[in-house]
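Structure at a glance
Chain by chain, the residues run as shown.
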Amino acid sequence: MVDTFGASMSNIWFDRVLNDQDVVFTIFGPLYKLYTPFNNVCGFAQPWIIYPNNECYAKLPMIKRLTLRLKYWIQGQFFKRADSLVVELEHVKNGLVRELGIKPERIHVVRNCLSSIYLDEAAWSSLYIPGSDCDLRLGFVGRNYSHKNTDVFPAIAKLLEKSHRIRAKFYVTFTDKEWLACSAEFRNVCINVGPLLVAQCPKFYQSLDGVVFPSLLECFFCNAAGGHGDGKTIVRIRSAV
């Protein structure tokens, strides 16, 4: 297994390694390679490509919007070169057929599943969760990408306090750089525990009252109505409020 980042591994050594293989599976594609004498299998998880008219673009400056559209167009051309594509849900497969014109028989749906680590408490790693003088502790696991829509947290906290007299705190898992880039208003209602290891996630979830996932674009879930994985919010609360 080799970790690559974009086209940064496009060198002679890497090309030779790939060209000697019968099958190459890029878990999170695309594979940035023009000559592929092997069976090129790519995992697809780029919702910006299958939902090009998403509302996330409106949140970005014009130059950033144009840059991203060019980036995803290029990615799309490489995805189209794959012999087979692996996706997590039917709406992603439908999007690839619709937006990139890829034949359905080249796309394979392999659904996500519960990680075995959640069934083995002995494998869980400890995690320090700072205390907070609040009524409701909500967690968010993920990077602070614009489409994750985490900038709604201050408004949610304000609404909960104003309408329900509930003081809420959001526990996030940002890098130091992401956290420092957040506004003072955001940091006032959030607590950053930093990026988590997979084995730390069970303890993180266990220590909170619930988790929220306000993402606007995803490939790994559909909403309850059977629609797309865009523009929806998932909330799981385990204690009554």
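All values derive from a computational prediction rather than experimental measurement.

Some points on the overall build of the protein chain
When helices and strands are tallied, the protein chain shows eight helices and nine strands. Across the protein chain, every contact between residues at least 6 apart in sequence was considered, and the portion connecting residues at least 24 apart equals 58%. For the protein chain, the exposed area adds up to about 14200 Å²; of that, 55% sits on carbon and sulfur atoms.

A word on the pattern of salt bridges
One side chain can pair with another of opposite charge once the charged atoms of both are near each other. Under the definition given, this model contains seven salt bridges. In this structure, Asp135 and Arg167 form a salt bridge, with 3.4 Å as the shortest nitrogen-oxygen distance. Taken together, the residues span a long stretch of sequence, with Asp135 in the loop between β4 (107–109) and β5 (136–139) and Arg167 in the loop between α5 (153–164) and β6 (168–172) at a distance of 32 residues. We note a salt bridge from Arg143 to Glu178, for which the minimum N-O separation is 2.7 Å. Taken together, the residues Arg143 in the loop between β5 and α5 and Glu178 in helix α6 (residues 176–180) connect sequence positions 35 residues apart.

Focus: a nonpolar patch on the surface
Together, Phe25, Ile27 and Phe28 give the surface a local cluster of nonpolar side chains, amounting to about 360 Å² of exposed area. With respect to the helices and strands, Phe25 occurs in strand β1 (residues 23–26). Overall, Phe25 belongs to the partly exposed group, its relative accessible area being 48%.

Considerations on the nonpolar core
Ranked by internal contacts, the top residues of the largest apolar core, which has 28 residues, are Phe44, Trp48, Ile50, Phe79, Leu85 and Leu96. Mapped onto this core, the elements with two or more residues apiece are α1 (12–19), α2 (47–50), α3 (62–80), β3 (84–87) and α4 (90–100). Contact partners of Phe79, with chain neighbours within four places excluded, come to Gly29, Pro30, Cys42, Gly43, Phe44, Ile49, Leu85, Leu100, Ile102 and Arg106.

Topic: the environment of Ala45
Position of Ala45 relative to the elements: it lies in the loop between β2 (39–43) and α2. Classification of Ala45 as partly exposed rests on a relative accessible area of 33%. Considering only alpha carbons, one finds Ala45 and Pro30, 15 residues apart in sequence, at a separation of 9.6 Å. Apart from the residues lying within four places of it in its own chain, the contact partners of Ala45 are Phe28 and Cys219.

Some words on α5
Compared with an ideal rise of 1.5 Å per residue, which puts twelve residues at 16 Å, α5 spans 16 Å between its outermost C-alpha atoms and is within 8% of the ideal. Residues of α5 that are buried: Phe153, Pro154, Ala157 and Leu160. What you see down the axis of α5 is that its buried residues fit within an arc of 130 degrees, all on one side. Those residues of α5 that are exposed and aimed more than 90 degrees away from the buried face are Ala155, Lys158, Leu159 and Lys162. The first or second residue beyond α5 is Arg165, which carries a positive phi of 60 degrees.

Comments concerning the confidence of the model for the protein chain
Confidence along the protein chain averages 89 in pLDDT terms, with 87% of residues attaining 70 or more. In this model, residues 223–241 is a region of pLDDT below 50 whose contacts with residues beyond four sequence positions or in other chains number 45 contacts.

Quick notes on the pairing of β5
Here β5 shows a buried face lined by Leu136 and Leu138 and a second buried face lined by Arg137 and Gly139. Relative to β6, β5 is paired through four bridges, and the arrangement is parallel. Note that in β6 the partner of Leu136 across the bridge is Ala168. Following the backbone out of β5, through α5 and into the adjacent parallel β6, one traces a crossover that is right-handed.

With respect to the packing of aromatic side chains
To describe a pair of aromatic rings, one takes the distance between the centres and the angle between the planes. In this structure the tally under the stated criterion is 14 aromatic pairs. The interplanar angle of 65 degrees and the centroid separation of 4.7 Å between the aromatic rings of Phe44 and Phe79 together place this pair among those described as edge-to-face. Linking Phe44 in the loop between β2 and α2 with Phe79 in helix α3, this pair joins segments that are 35 residues apart in sequence. The same class applies to Phe44 and to Phe79, which are both buried. One aromatic cluster is present, built from ring pairs that chain together Phe140, Phe153, Phe170, Phe174, Trp179, Phe186, Phe213 and Phe220. Across the ring face of Tyr57, the terminal group of Arg69 is positioned such that the distance to the ring centre comes to 3.9 Å.

The rules we used
Residues numbered from 1 in each chain as written. Predicted model: local features only at pLDDT ≥ 70, side-chain atom pairs only at ≥ 80, totals over all residues. Heavy atoms only, no water. Helix = DSSP H or I, 4+ residues; strand = E, 2+ residues; numbered from the N terminus. Contact = heavy atoms within 4.5 Å. Areas by Shrake-Rupley, 256 points an atom, 1.4 Å probe, with all protein chains shown as cover. Salt bridge = Lys/Arg side-chain N within 4 Å of Asp/Glu carboxyl O. Patch = residues over 30% accessible without salt bridge, like charges linked within 9 Å, V, L, I, M, F, W, Y side chains within 5 Å. Buried < 20%, exposed > 50% of the residue type's maximum accessible area, 1.4 Å probe, protein only. Core = buried A, V, L, I, M, F, W, Y, C linked by side-chain atoms within 4.5 Å. Expected span 1.5 Å × (residues − 1). Arc of directions from axis to C-beta. pLDDT = per-residue confidence, 0-100. Pairing = 2+ DSSP bridges. Right-handed = clockwise from strand over helix to strand, strands pointing away. Phe/Tyr/Trp six-rings, centres within 6.5 Å; stacked < 30°, edge-to-face > 60°. Lys NZ or Arg CZ within 6 Å of the ring centre and 35° of its normal.

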